[in-house]
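Coordinate inspection notes
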Amino acid sequence: MISEALAKAISAFDDAALATIANTGLLRRAQRDVDSGKATLVRVDGDKAELNVDGQTVEIGPTGPAMASCNCPAAGVCRHKLASVIALRTLAAGQDATGGDNAEEDEVPPEQWLEDITLDLARKYAGRPGWRAGLELLEEAGAVEPGPTSFAVTFASLDEPVLVLRGQGMEGIASKASKARRKAYHVAALLAARRHLGLSFTIDEDEGQASSASPVRQGPARPDPAFLEQVRTALADCAQLGFNIAPLPIEERLFELSVSSRADAMPRLATLLRTIAAQMRLRRHKSYEFDASEMLELCAIAYAITHAVEREGLTLAQHLRLAGELRRNYAEPERMELIGCGADLWHSASGSRGITAHFVEPATGEFYSVAMARGAGQDPSFNPREAFRQHSLWQSGTMEMLCHAHIVLHNAGIADGGRLASGKDVRAEIIDKSTEIERNADYVQSDWAVLRDDLVKRFGLGVAGNGLPQIALIAPAELARPQFDELAQKLLWPVRDGAGRWIALTIDHDERSEHAIKEVEKRLAGRWSGMILVKAFQTGSRIELSPVTLFDGRKATDLALIRPTIVWGNPQKSGPNLLGWLQRLVPDPGRAFTYAQPDRSTSAIMDAWRLVLDRLEAGPQLARMLDDKRDAHARRLNDYGLGSMAEVLSSATDGKTHLAAAYALLIARQQRIAVPLLA
């Protein structure tokens, strides 16, 4: 008779789990061995059993087939181990039927055995890089199917679900994930299962959440030269083949490097490597979401970081900017006087959603923000609109009240990027619940050339860039009727500065923006001349500007948070205003705007960037056919006084030199990035 502990543990390995651990064909062979009587129990020693399966000796315990031993020459989980599990399951069922030790056993609820796998155990199992990678993969988790002995969690990038087995801990989670990705997927599966049951998985400061404390910082750790060289080699291989056939081994190598212990001191680089690996997967699957230009930017920046962190004489601040930090560190000013500029509702493609309020400090002209947000699948009851209007912020009122008020903030922590802490120690004192922003204030932009220079400075260049959207307040001198961009599927709203330059503000043309578009059109009908809070994004060689809030004196309208007007008794069915959308396609009888063309040197840089992409997408063999074009682009760059860049482009023959050329061109593109000028 087998022990209760062994019977209970083995029962977790149903056929689905065994097929995941091995494969379906091997499982069928093992079942035939059991059916033909080739699996017999030899002896039981405590919680371990010895079986003879088709002449082979198998020793197995509560940890299941993965940790069992068999004297056959096969590597991994063989059919003899699988047959042992099937045979022990049959014996355990027989004991229950005859009133054995397990007959009166109460079923353990899934909440209990899942909670036994504590988050501390999961962190120790995965290590810090693997834990962070698991948190990123959590956003990709799909359906969670609970069963009596397991939780099946599906992921878009895996063909079969990950199985969290009862009583097997982190080591016993079963999946088809590769060795490099296994720990990250297993962490993500555990967190997804806990989330499904409503169990807590609070992410502490070490996993990147905000901290109101400022830890004592040590000097920069010396990076491992061997590890950095491995990363450079992997990135070079990615440049050679990742844009063409995107081989799985290169993707796996990038991911494995990102979760290695040596990447622990460089979280920024680790995140870049995982993002590049994800882009390679999209390329291999021929997904429309794959962006070759974005992937080249990521590869070039990651490659540059591996060189930059090895420079002598880096200060602590420079090292932290290059390597990244595991937690958000907040400085603690004594007092801040802020003016609310509006709020923006947002959601990401991965499922994260939230609401962000924006503020400006009149004394310095610096912009700050605070957010209420949840990750994909976290807290299903969280509604950003309700949080905006109901949840208290800074012990003083709702975000709806504060985001347009004149306030003094006490004990406010500020992180990189102007992120304000929202902890319990922060308190806001309201000076004026409704304030008016001065049109001639220093932080209000009315000259688009100055606006462009300010945004470029805040975006940063290359490895010094933060990749974050920026906020600006603009005061147009004239407005024009919005026009529809059929290619981008966006509404272009032309606005002019005092010097006569027109730029385009863009609004996504979908159901969510219908009320925002109507609000803009209403303002134009009344010859409106207020101010606009815009959010700026870097998109290739152009800055995209999106309106967030409209200001009319002391009144402000947040475009993403407009409440639709309800007319009681209106028989018209609710839904998208298709007629209004079609009318916007009619050309404006007045001035027709088009995007202004870049100058010739900028065009030369953009064309050279496109050439590098073409060579990488063609692959190493066909790239030779583009050598003449490469030399022609190099001569063109040289003609415009860009000799150093021309030399780097001319020498681009392999993965590393292509990445060096791409980084040089990336810096040049960012230096020349322009606001969306219209002609």
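Presented here is an overview of the structure given in this document. Please read these numbers as outputs of a predicted model, since none were measured by experiment.

Considerations on the packing of aromatic side chains
How two aromatic rings sit relative to each other is given by the distance of their centres and the angle of their planes. Per the counting criterion, the structure on display carries three aromatic pairs. A centroid spacing of 5.5 Å and a plane angle of 55° characterise the contact between Trp113 and Phe151, whose relative ring orientation is tilted. Of this pair, Trp113 sits in helix α5 (residues 110–115) while Phe151 sits in strand β6 (residues 150–155), and the two are 38 residues apart along the sequence. When its relative accessible area of 4% is taken as the criterion, Trp113 is described as buried. Ring plane angle 80° and centroid distance 5.1 Å describe the contact between Phe155 and Tyr185, whose orientation is recorded as edge-to-face. Remark: Tyr185 occurs in helix α7 (residues 182–196) and Phe155 occurs in strand β6; sequence separation between them is 30 residues. With respect to burial, Phe155 and Tyr185 carry one shared label: buried. Here the basic side chain of Lys183 rests over the ring of Tyr125, its NZ or CZ set 5.6 Å away from the ring centre. Above the ring of Tyr595, the side-chain terminus of Arg542 is found at 3.9 Å from the ring centroid.

Describing the pattern of salt bridges
Applying the stated criterion to the full structure yields 34 salt bridges. Through salt bridges that share partners, Glu140, Arg181, Glu251, Glu252, Arg281 and Arg284 make up one connected network.

Some remarks on the sheet that holds strand β5 (residues 141–146)
Reading across from one edge, β5-β6-β7 is the order of the three strands in this open sheet, with antiparallel pairing throughout. Two strands close off the open sheet at either side, each with one partner strand: β5 and β7 (162–165). Between one strand axis and the next, the sheet turns through 20° on average, direction left out of account. Two elements, β5 and β6, share four bridges in a ladder whose sense is antiparallel. Each residue of the ladder has a partner; that of Ala141, found in β6, is Phe155. On top of the sheet, α7 reaches β5, β6 and β7; it is set at about 115° to β6, its chief contact.

About the criteria used
Residues numbered from 1 in each chain as written. Predicted model: local features only at pLDDT ≥ 70, side-chain atom pairs only at ≥ 80, totals over all residues. Heavy atoms only, no water. Phe/Tyr/Trp six-rings, centres within 6.5 Å; stacked < 30°, edge-to-face > 60°. Helix = DSSP H or I, 4+ residues; strand = E, 2+ residues; numbered from the N terminus. Buried < 20%, exposed > 50% of the residue type's maximum accessible area, 1.4 Å probe, protein only. Lys NZ or Arg CZ within 6 Å of the ring centre and 35° of its normal. Salt bridge = Lys/Arg side-chain N within 4 Å of Asp/Glu carboxyl O. Pairing = 2+ DSSP bridges. Axes fitted to C-alpha atoms, helices over the stretch in contact; angles between N-to-C directions. Contact = heavy atoms within 4.5 Å.

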